Amino acid sequence: MSRLAQPKASPVSKRDGRIGGVGGPDEICPVCKSSRYLNASLRFLVNPECYHKMCESCVDRIFSHGPAPCPIPKCGRTLRKHRFREQTFEDLRVEREVDIRKKVAAVFNKREEDFGSLRDYNDYLNDVEDITFNLTEKIDVEQTEKRLEAYRQANAREIEDNMRTAAEEKQSFAQLQKLERQQARQRREAARREEEEERREVEENRKDVLSRLQATGADAETVAKEGQRVQLRKRMDRQAAQDRQRQLQAAEDVRAGNGSSNFVIKGLKAKVKAEPEAPIDPFENLRFANTYYELQDNYIWEGIQEAKKDVRQTAGGYDVGEFARRSLVAAFSGLGVFVADEVAERDRVGQDGEVSTVRAAIGVRDMETG
Amino acid sequence: MTQTLTEDDLYRASTQFRLWSFSPESLAVLRQKTHELARERGRQYGSENNDADGMADHLSKEEELQLVQRYCEQIRTTSDHFKWPVQVKATAVQYLRRFYLSNSVRTYPPKEVYKTVLFLACKTEATHMALPEYARRISTAPEVILAPEYKIMQALRFTLDVRQPYRGLKGVLMEMLNMAQGMVGQVEGVETKGAKQLQQDMLLLEQPGHHDRTPWKAPSSGKMEVKHITDRINAAYSAAKALLDGPALLTDVYFLYTSSQILLAALHLADEPLTSFYLNTKLPLTSDLRPRILGTIAACADILQTFSTDQILTKEGRDGLEARLEKCRDPATRDLVKAHAAAKRGSESDEEEKIRKRKAAREKHEREGDDFFGPSIGGKKG
């Protein structure tokens, strides 16, 4: 069973080649008893509230003036005109079931990847199917509905995430981009609005300070400080109010979830939060250590001092500290490298053929230095 | 996995260490090998030319080295004539020395090579002078200068970086001046008594000895002040720089020691108490590298000290050697300009080879056509 929303089936009218959808040529509307035989363009609409079918003219007649009870005897449910729609399936029961499944799937939209094992995923699907079955067969409808609602409140964010992933997969890249642009625009708007508010607040505060200065004639500094304190307090209050509201929401969600109909899913994979990327290291874990010197901030040698003052050197961003560092590295680079030993080692390890020559050459050593 | 590189590791990664550093034994072996190869070749073309005294009058190894050294001096003079910075001088001299590790003076006499080496060095060290102007100022034809360039690059194994001690010397100067003023950075692992104490100790340093090269003299009043110390440091720096400019280039120290050791050896020769004091602040007393480092610096200083300018060939000596060289040199490399031009043009045999290949390809194509469709009815076309 696919967990994605059911794709919209092509309208039956196209397949039939007839306007008006399913049903034979002599279908009658249960309300006004008009048949298609007499009126070729008769269309039947159905309301997902009670799944009673009636012709379009009846719908217009009865519900154009607002919500009204269903005209079918024994069904007095209030129906609204905008909820009427074309029937997709021949069997109304199938239509009803499909709608229920769509609703449930919108809430329980976890995927196989979210579960640790196949068994857990199947258990989850089983539970979901139980709910669907209850709703379809009208068993414990109220309780099941409550469970649905509770689950939806408790996992609002995850449902959203899953819905978003599903939607993303369907949408093309260009559409994604358009969406992002829109969101960015909205965020910018929100930010601008906040900025405006802040600016207004600052203005108000300033006016307030001025008026206070005028009124009390007290020392300017104290008034200014007072004004700052007021502003700060206002900002804190606003933030505190926002935080409190968010907390209340969370508390309500938790409380709603702690009903008798608590939906517990077992076997979910623990979602590992991706840790933030480390800053790029250009040397890839390579470090340079100074063993012989410590770079100082200032060298009094006149070459350095003159270069620091010379505009031609400093205008381009040249750093005299770099020159000092290079000089010091050059001063000690190779101090602990004993050429004779290391070269002998290298020759011995590298080419075994050369060993005899080196040994023989010791007897041929020259005294020359030139 | 963090890898830490010290300054020594940085030096070990350079081509100067990898390709152009030798122990005294391996250096001698290399030179001997080159000399003998040239002698072999000399016997070959000596017998070809039926020269009676060609074999007897070859140059000995020592004479070859002296000739090379003479031309190192010539490069230094020419570079000073052009007023180029000291880096060009050092690089050019090292290029010449490295060239003659794998080539003999009989094959490429230094007279024809040293101008190109200097030109190459001025290009490498970023003081490029245009070729026509360079050729004009040393009164040589431009082709003659360019002719051996590729051979030189091959002999250098295309490694053009020469690590020099001059910048390091400036670094040491900067640090010592700061130390004299009481600002000093603390090195890990070395016990010093703090910056102020170091400054005081500096003031109490003993005088430089007789054999020290520095021109500085203690103040007659006998009381040392900070400005006297500063003068002393600057004098030691100039003396060390002069040592690096002359003896260091005209001996083999670049092959046998690292540039850091060379500069500290030059400083050691210039002003021994000052350098010992400076090294004491850098090398912890307990480390086992310390005696080895000090020993290496002392050995290098010995080489620098035992050098004197009268070891260099005089003009007459050089002319004499070159006359003998003329008789026994390799005739194949006599005309470098022609060889260079030929190499640039490409040889005749290449052309003929191409023609031959094309003809063979055409015939093969025809034959394949015959195999497929059978021979043409009216006989072979073309």
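Quick notes on the rules
The numbers attached to residues start from 1 for each chain and follow its sequence in the written order. All chains are assigned letters beginning with A, and all ligands numbers beginning with 1, in the order in which they are written. Confidence filtering applies because this is a predicted model: local features only for residues at pLDDT of at least 70, side-chain atom pairs given and counted only at 80 or more, and all residues used for totals across whole chains, interfaces and linings. Side-chain numbers here rest on the full set of heavy atoms in the structure, without hydrogens or water. Numbered from the N terminus, helices here are DSSP runs of H or I no shorter than four residues, and strands are runs of E no shorter than two. Note on areas: Shrake-Rupley, 1.4 Å probe, and residue coverage restricted to the protein chains presented here. For patch building, the residue pool is restricted to those with more than 30% relative accessible area and no salt bridge; the joining distance is 9 Å between like charges and 5 Å between nonpolar side chains (Val, Leu, Ile, Met, Phe, Trp, Tyr). Put simply, a salt bridge is a Lys or Arg side-chain nitrogen that is within 4 Å of an Asp or Glu carboxyl oxygen. Only Phe, Tyr and Trp rings take part, Trp by its six-membered ring, and two of them pair if their centres are within 6.5 Å. Stacked means planes under 30 degrees apart, edge-to-face means over 60, and tilted covers everything else. When accessible area is computed with a 1.4 Å probe and restricted to protein chains, residues below 20% of their type maximum are described as buried, those above 50% as exposed, and intermediate ones as partly exposed. Only when the NZ of Lys or the CZ of Arg is both within 6 Å of the ring centre and within 35 degrees of the ring normal is a charge said to sit over the ring. We call two residues in contact when some of their heavy atoms are within 4.5 Å. As a working definition, buried area equals the accessible area (1.4 Å probe) given up by two parts on being put together, with both sides summed. Pairs of N or O atoms are called polar contacts if they sit within 3.5 Å, as long as, within protein, a hydrogen donor faces a hydrogen acceptor (for residues adjacent in sequence, only side-chain-to-side-chain pairs). Here the rule is simple: two strands pair whenever DSSP picks up at least two bridges between them. For each structure, a 1 Å grid was placed over the protein atoms alone; sets of points admitting a 1.4 Å probe that cannot get out are labelled cavities, open sets with protein on both sides within 12 Å along at least five of seven lines are labelled pockets, and lining residues have an atom within 4 Å of a point. Grid points are joined across faces, edges and corners, and a volume is the space filled by probe spheres set on the points. When residue character is reported, Ala, Val, Leu, Ile, Met, Phe, Trp, Tyr, Cys and Pro are called nonpolar, Asp, Glu, Lys and Arg charged, and the others, Gly included, polar. Values of pLDDT, the confidence the predictor places in each residue, fall between 0 and 100.

(A) Layout of the overall build of chain A. Along chain A, the regular secondary structure elements total 13 helices and six strands. Summing over all exposed atoms, chain A offers an accessible surface of approximately 26,200 Å²; the carbon and sulfur share of this is 51%.

(B) Highlighting a nonpolar patch on the surface. Taken together, Phe-283 and Phe-288 of chain A together with Leu-10 of chain B make up a surface patch of nonpolar side chains, about 280 Å² in accessible area. Within the secondary structure, Leu-10 of chain B is located in helix H1 (residues 7-12).

(C) Highlighting the packing of aromatic side chains. Within the structure shown, the criterion is met by 18 aromatic pairs over all chains. Considering the side-chain rings of Phe-283 of chain A and Phe-288 of chain A, the 5.2 Å spacing of their centres and the 80° angle between planes classify their relative orientation as edge-to-face. The exposure class assigned to Phe-283 of chain A is partly exposed, which follows from its relative accessible area of 47%. Looking at Phe-288 of chain A, the relative accessible area reads 43%, which means it is partly exposed. It is Lys-53 of chain A that lies over the ring of Phe-44 of chain A; its NZ or CZ is 4.9 Å from the centre. Over the aromatic face of Phe-17 of chain B sits the side chain of Arg-346 of chain A, whose NZ or CZ is 5.4 Å from the ring centroid.

(D) Broad picture of the interface of chain B and chain A. On the side of chain A, 46 residues touch chain B, which itself brings 62 residues to the contact. Interface area, chain B with chain A, both sides summed: about 5,000 Å², of which 60% is carbon and sulfur. In terms of surface lost to chain A, no three residues of chain B exceed Glu-7, Arg-167 and Met-174 of chain B, which account for 15% of the buried area on that side. Along the contact surface separating chain B from chain A lie two salt bridges. Among the salt bridges present, the one from Glu-342 of chain A reaches Arg-12 of chain B, with a minimum N-O distance of 3.0 Å. Seen at the junction of chain B and chain A, the total is 21 residue pairs in polar contact (both at pLDDT 80 or more). Counting residues per element, the side of chain B that touches chain A draws most heavily on helix H10 (residues 166-180) of chain B, which supplies ten residues. Where strand S6 (residues 286-288) of chain A meets strand S1 (residues 3-5) of chain B, three bridges bridge the pair, whose relative direction is parallel. Paired with Arg-287 of chain A across the strands is Thr-4 of chain B, a residue of S1 of chain B.

(E) Just empty space enclosed by the protein, in detail. Residue and element names in this part refer to chain B. Per the counting criterion, the structure on display carries four cavities of 30 Å³ or more. As a volume, the largest cavity reaches approximately 150 Å³. Forming the boundary of the largest cavity are 13 residues, of which Arg-31, Glu-64, Leu-65, Tyr-100 and Asn-103 lie nearest the centre. Within the residue set of the lining of the largest cavity, elements represented by two or more residues are helix H3 (24-49), helix H4 (61-82) and helix H5 (86-102). Sorting elements by how many residues they give to the lining of the largest cavity places H4 first, with four residues. Among the residues forming the lining of the largest cavity, the class breakdown is five nonpolar, four polar and four charged.

(F) Just the confidence of the model for chain B, in detail. On average, residues of chain B carry a pLDDT of 86, and 92% of them reach 70 or more. Taken over the whole predicted complex, pTM reads 0.60, whereas the ipTM for its chain interfaces reads 0.80.

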